[in-house]
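Letter by letter, the chains look like this.
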Amino acid sequence: MEEVRLRDRHATRLRIMEAARELFAEHGYDQVTMRLIAARAEANLSLINRYFGSKRDLFAEVIAEQGRFPGVFDEAGGDLPRALAEYVADRLTSPGDSVLVATLARSTPTSEIQEIIRERIRTAILEPLSERLPGDDAEMRASLATALIMGSAQLRRVFGPADEWRREAVVDRLTRVFRACLG
């Protein structure tokens, strides 16, 4: 019986996360209510509070779970500029928005979650990148690279996918830009 309860708890938690991920991407933080998430997840509202606390805490967990950026550092090997270029090129040329980009674009104006977004960018991109760079100005160079990464998401949202661009050409150009930025 205890195993069934744990499995049900896990399945319910996953449904809630999936519902929240979808709704935040579709509508943004302000427009999504806990009741809406509960209805989409087919879960009791009290379970959301029990498993996640507040809507803000649930949003923070959704943001922390999304994105493959930490994997970029793991996969970089000895060529971090190329790994970053490949990541950005994938974002620029992919046919659909990532859930994370849609969520951030629709939720960024909300002051209640600004710190969550700042913290996610700081811990997922800026600090790990800065730690990998030598020199006194590592934080500044990491900030410039982070601006390129975050700006690519905004460019993609405004103009759509760059499907006429050859991915490899984009990677080559961006690799040079990241080498100059990080170097």
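Being a predicted model, the structure only gives us computed values, none of them experimental.

**Structural notes on the overall build of the protein**
A count of helical and extended segments in the protein gives 10 helices and 0 strands. Along the protein, from the amino end to the carboxyl end, the secondary structure elements read α-α-α-α-α-α-α-α-α-α. Overall, the protein is about 55 × 35 × 35 Å in size when its C-alpha atoms are taken along their principal axes. Evaluated residue by residue, the protein yields a buried proportion of 42% over its 183 residues. Pairs at least 24 residues apart make up 72% of the contacts formed inside the protein by residues separated by at least 6 positions. Once the 27 positive and 29 negative side-chain charges of the protein are each reduced to a mean point, those two points are 2 Å apart.

**Structural notes on the packing of aromatic side chains**
Applying the stated rule across the entire model yields 3 aromatic pairs. Residues Phe-24 and Phe-59 carry aromatic rings whose centres are separated by 5.0 Å and whose planes lie at 85 degrees to one another, so their mutual orientation is edge-to-face. Residue Phe-24 is found in helix 1 (residues 2–27), and its partner Phe-59 is found in helix 4 (residues 55–65); the two are separated by 35 residues along the sequence. Side by side, Phe-24 and Phe-59 carry an identical accessibility label, which is buried. Between Tyr-29 and Phe-59 the ring centres are 5.2 Å apart and the planes differ by 75 degrees, which places this aromatic pair in the edge-to-face class. You can see Tyr-29 sitting in the loop between helix 1 and helix 2 (34–41) and its partner Phe-59 sitting in helix 4, a full 30 residues away along the chain. Under the relative-accessibility criterion, Tyr-29 is labelled buried at 1%. Overall, the relative accessible area of 0% leaves Phe-59 in the buried class. One aromatic cluster in this structure is built from Phe-24, Tyr-29 and Phe-59. In this structure, Lys-55 is placed above the aromatic ring of Tyr-29, and the distance from its NZ or CZ to the ring centre is 4.2 Å.

**Here's the deal with the confidence of the model for the protein**
Atom-level detail of predicted coordinates should not be read off regions where pLDDT is low. Scored by pLDDT, the protein has a mean of 86; 92% of the residues are at 70 or more. Ranking the helices and strands of the protein by mean pLDDT puts helix 2 first, with 96, and helix 5 (residues 69–75) last, with 74.

**Some details on the side chain of Thr-12**
With respect to the helices and strands, the residue Thr-12 is situated in helix 1. In this view, Thr-12 contacts Ala-43, Leu-47 and Tyr-51; residues no more than four positions away in its chain are not counted.

**Points about the layout of surface pockets**
Put simply, the largest pocket is a space of about 290 Å³. Along its surface, the largest pocket is lined by 20 residues, and Arg-91, Val-101, Leu-104, Met-150 and Ala-153 are the ones closest to its centre. Counting residues per element, the ones that place at least two in the lining of the largest pocket are helix 6 (80–93), helix 7 (99–107), helix 8 (114–132) and helix 9 (138–159). Its residues assigned to classes, the lining of the largest pocket shows 14 nonpolar, 3 polar and 3 charged.

**Concerning the pattern of salt bridges**
As a working rule, side chains carrying opposite charge can pair if their charged atoms are close by. Applying the stated criterion across every chain yields a total of 14 salt bridges. Of the charged contacts, one joins Glu-22 and Arg-40 as a salt bridge, the two residues approaching to 2.9 Å between their closest N and O atoms. In this pair, Glu-22 sits in helix 1 while Arg-40 sits in helix 2, placing the two residues 18 residues apart along the sequence. With a relative accessible area of 35%, Arg-40 lands in the partly exposed category.

How each quantity is defined
- Every residue gets a number counted from 1 within its own chain, in the order that chain's sequence is written.
- At least 70 in pLDDT is required for a residue's local features to be given in this predicted model, at least 80 for side-chain atom pairs to be given and counted, and no such filter applies to totals for whole chains, interfaces and linings, which use all residues.
- As a rule here, side-chain values come from all non-hydrogen atoms in the structure, and water together with hydrogens is ignored.
- Put simply, DSSP marks the helices as runs of H or I at least four residues long and the strands as runs of E at least two long, and each gets a number from the N terminus on.
- Burial classes: relative accessible area under 20% of the type maximum marks a residue as buried, over 50% as exposed, and values in between as partly exposed (1.4 Å probe, protein chains only).
- The contact rule is simple, with two residues in contact once any of their heavy atoms fall within 4.5 Å.
- In this count, Lys and Arg are taken as positive residues and Asp and Glu as negative ones, while His and the chain termini are left out.
- Charge positions come from single atoms, namely NZ of Lys, CZ of Arg, CG of Asp or CD of Glu.
- Only Phe, Tyr and Trp rings are paired, with Trp represented by its six-membered ring, and only when their centres lie within 6.5 Å; those with planes under 30 degrees apart are stacked, over 60 edge-to-face, the remainder tilted.
- The rule is short: NZ of Lys or CZ of Arg within 6 Å of the ring centre and within 35 degrees of the ring normal puts a charge over the ring.
- In predicted models, pLDDT denotes the confidence assigned by the predictor to each residue on a 0 to 100 scale.
- Any residue with an atom within 4 Å of a point lines the site, the site being either a cavity, points on a 1 Å grid over the protein atoms alone where a 1.4 Å probe fits but cannot get out, or a pocket, an open set with protein on both sides within 12 Å along at least 5 of 7 lines.
- Grid points are joined across faces, edges and corners, and a volume is the space filled by probe spheres set on the points.
- In this classification, the charged set is Asp, Glu, Lys and Arg, the nonpolar set is Ala, Val, Leu, Ile, Met, Phe, Trp, Tyr, Cys and Pro, and all remaining amino acids, among them Gly, are polar.
- By definition here, a salt bridge exists when the distance from a side-chain nitrogen of Lys or Arg to a carboxyl oxygen of Asp or Glu is within 4 Å.

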